Amino acid sequence: MYSSKFILFSLLLLVLLTLLAPSISSDLDLSDDDVEGLDELIALDEEDENTEGARPSEAEFVSKAQRIVLELNNDNTKRAIDGNEYVFVLGYTPWCVRSAELMPKFAEAATALKELGSSLLMAKIDAERYPKVASNLEIKGFPTLLLFVNGTSQPYTGGFSAEELVIWARKKTGVPIIRISSDAEASHFLKKHSMFVVGLFEKFEGPDYDEFTKAAEMDNEIQFVETSNAEIAKHLFPNFKQTNLFLGLVKSEPEKYAEYEGTFTTDGILQFLNDNKFPLITLLTELNAARVYSSTNKLQVLIIAEHDDFKKLVEPLQDVARKFKSKIMFIFVDIREDNLAKPFLTMFGLEESEDSVVISFNYSSSLKYMLESDATPTNIEEFSSGLLSGTVSPYYKSQPIPDNKNMSILSVVGKTFDELILNSPENILLEIYTPWCITCETTSKQMEKLAKHFKGLDNLIFARIDASLNEHPKLQVDDYPTLLFYSADDKTKPTPLSTKSSTKELAALINKNLKAQDREIRDEL
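Residues numbered from 1 in each chain as written. Predicted model: local features only at pLDDT ≥ 70, side-chain atom pairs only at ≥ 80, totals over all residues. Heavy atoms only, no water.

## Details of the overall build of the protein chain
Tallying secondary structure elements over the protein chain gives 18 helices and 20 strands in all. Counting the 525 residues in the protein chain, one finds 48% classified as buried. The contacts of the protein chain with a sequence gap of at least 6 include a subset with a gap of at least 24, amounting to 73%. Carbon and sulfur atoms provide 48% of the accessible area of the protein chain, an area that totals close to 26800 Å². (Helix = DSSP H or I, 4+ residues; strand = E, 2+ residues; numbered from the N terminus. Buried < 20%, exposed > 50% of the residue type's maximum accessible area, 1.4 Å probe, protein only. Contact = heavy atoms within 4.5 Å. Areas by Shrake-Rupley, 256 points an atom, 1.4 Å probe, with all protein chains shown as cover.)

Set out below in structure tokens:
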């Protein structure tokens, strides 16, 4: 049985990923010309419409790029899929905003792949116009990317820019590594790639090279390049120090160059990339959310704040993040971005907060934490150290402590669960509910009747707790409503009472539990 905290935690993350990370998206800031150029996606046509010597506009470039992408329909889909070894398909609808954002990048990737001589066929299908075709291809969400290899599909798992589309597609179609043999090739490569792995080998063979190749095939996001020339390696990785065997990661972040110092193993190389591919502090966006949540670093610290407030913290925070590199992933979330910030704030009961908040999630243990002091670099560093040492207590939501004076049913919150439930000398019937629970109202009415019926019984207390706003590590519930009978002599194993029972049946069950306890007391005497 899972705790309500875990269920809510998982549910909210699922909702967040559903909202922010559909099958694919694009890392793109669209201009009006880009969107207008997407109104009509036409079939494969390699005619060059640019006037010789004239510089094409951005809209003309997009339009031309789209001609390289085949528009699938009822007649040509089967022929295209069955007649090509590799087919990269984009499923979209005209009304989908994310489809409109992705399609220019998809077209740009098609152009790049064509220039590289790839045999991959790039295609797209309007799922609204051809719903049966889309259904047969198992396109269910929009947008969706699928790669068909000899007629069999596999989902897209790469990044969200044109460059990342190209990298993923090439890796999946047999070109996981680019070999660079001259300075001219290196210069050309650097113009097109902002993040890559460079490997230097005397010969492109042997155990170390084999592990490098396996890592290149298994990684879906980063372009791997290889060279046997130390000068070219230095051109690609300026921090390169003379050696016969080298691997480094280049990216466009403050820590631009990272050198691999471990043994050449596939797992070691992939772990090195996972530890270093993100910036010291990652800005969470709708475009990178899926990559962030799927990171192998399961301990994450999130700074949720106004952008201007974060700018004041960013430099000293980078120094903090550097100290915990590979152990903690630091993430900035703009509090003004409701789709991004609100789900996290909700998990801490801070939906209406406008102040900076520092929280943490340990995805290995499903526990969450909150910095309960000011969001200063010093406090964040101490908080992070405590997370690693285990000295920071998990955070559990709680409403303010209510006034229960003269109440027939006590209102319990997270902060009073120990006092009113676990440490109470009385028998307690606890109702656990949520506002969104359809059947909870019926159970609540039964509780009112039961409290009235048993009024005056000194050793029985009725209580209720809103599980959507209150948490406790000892409250293990995965269904709502739930009724738990806590016996006065043993609060560690509450007895569940069926919420499908009638009020009369519940009264009988309460009496049964009270009498059983009374007999035990008499037996002890």
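## Some words on the state of the cysteines
If you walk through the whole model with that rule in mind, you get 1 disulfide. Across the disulfide from C437 sits C440; the S-S distance is 2.3 Å. What sets the handedness of the C437 and C440 disulfide is the S-S torsion sign, and at about 100° it is right-handed. Judged by relative accessible area, which is 4%, C440 ranks as buried. (Disulfide = S-S within 2.5 Å.)

## Re empty space enclosed by the protein
All chains considered together, the criterion is met by 1 cavity of 30 Å³ or more. Within this model, the largest cavity holds a volume of roughly 170 Å³. Together, 15 residues line the largest cavity, and D275, P279, S326, I328 and M329 are the ones closest to its centre. For the lining of the largest cavity, the secondary-structure elements that each account for two or more residues are α11 (266–276) and β13 (329–334). For the lining of the largest cavity, the residue count by class is 7 nonpolar, 4 polar and 4 charged. (1 Å grid on protein atoms, 1.4 Å probe; cavity = no way out; pocket = protein on both sides within 12 Å on 5 of 7 lines; lining within 4 Å. Points joined across faces, edges and corners; volume = space filled by probe spheres on them. Nonpolar A, V, L, I, M, F, W, Y, C, P; charged D, E, K, R; others polar.)

## Digging into the pattern of salt bridges
Per the counting criterion, the structure on display carries 18 salt bridges. Of the charged contacts in the structure, one is a salt bridge between K323 and E381, with a shortest N-O distance of 3.0 Å. Residue K323 is found in helix α13 (residues 307–323), and its partner E381 is found in helix α15 (residues 377–389); the two are separated by 58 residues along the sequence. Residue E381 is classed as partly exposed on the basis of its relative accessible area, which comes to 25%. Residue K445 is joined to E441 by a salt bridge in which the shortest nitrogen-to-oxygen separation is 3.7 Å. Of the two residues, K445 and E441 both sit in helix α17 (residues 440–453), 4 residues apart, roughly one turn of that helix. For the residue pair K445 and E441, the accessibility class agrees, reading exposed in each case. (Salt bridge = Lys/Arg side-chain N within 4 Å of Asp/Glu carboxyl O.)

## Observations concerning unusual backbone geometry
Residue P143 is bonded to the preceding F142 through a cis peptide linkage, with omega at -10°. The residue P143 is located in the loop between α6 (131–136) and β4 (144–149) in this model. The omega torsion of the bond from Y480 to P481 falls at -5°, within 30 degrees of zero and hence cis. You can see P481 is positioned in the loop between β18 (460–466) and β19 (482–487). With a phi close to 75°, S326 is a non-glycine residue in the positive phi region. Mapping S326 onto the fold places it in the loop between α13 and β13. Of the residues examined, S326 reaches a relative accessible area of 38% and is grouped as partly exposed. Although it is not a glycine, N406 sits at a positive phi angle of roughly 65°.

## Topic: the sheet that holds strand β11 (residues 281–283)
Spatial strand order, β11-β13-β12-β14-β15: 5 strands in an open sheet with mixed pairing. Of all strands in the sheet, those bounded by a partner on one side alone are β11 and β15 (367–370). Strand-to-strand, the axes of this sheet are offset by a mean angle of 25°, without reference to chain direction. The sheet contact formed by strand β14 (residues 357–362) and β15 spans 4 bridges and is antiparallel. The residue of β15 that forms the bridge with F361 is K368. (Pairing = 2+ DSSP bridges. Axes fitted to C-alpha atoms, helices over the stretch in contact; angles between N-to-C directions.)

## A look at the side chain of E471
The topology assignment puts E471 in the loop between β18 and β19. The class for E471 is buried, based on a relative accessible area of 3%. For E471, the side chain forms a polar contact with the side chain of K368, separated by 2.7 Å. (Polar contact = N/O pair within 3.5 Å; in protein donor to acceptor, adjacent residues only side chain to side chain.)

## A closer look at the packing of aromatic side chains
A ring pair, where both rings are aromatic, is described by two values, the distance of the centres and the angle of the planes. Tallied over the full model, the rule gives 26 aromatic pairs. Between F201 and F264, the ring centres sit 6.1 Å apart and the planes meet at 85°, which makes this aromatic pair edge-to-face. Of the two residues, F201 is situated in the loop between β7 (196–200) and α9 (207–218) and F264 in the loop between β10 (257–259) and α11; the sequence distance between them amounts to 63 residues. Accessibility expressed as a relative area gives 3% for F201, which makes it buried. On the basis of relative accessible area, F264 is assigned to the buried category, the value being 9%. Following the ring pairs from residue to residue traces out a cluster consisting of F201, F204, Y209, F212, F224, Y260, F264 and F272. Residue placement shows K368 over the ring face of F348; its charged tip is 5.7 Å from the ring centre. (Phe/Tyr/Trp six-rings, centres within 6.5 Å; stacked < 30°, edge-to-face > 60°. Lys NZ or Arg CZ within 6 Å of the ring centre and 35° of its normal.)

Such coordinate-based values are descriptive only and should not be taken to indicate function.
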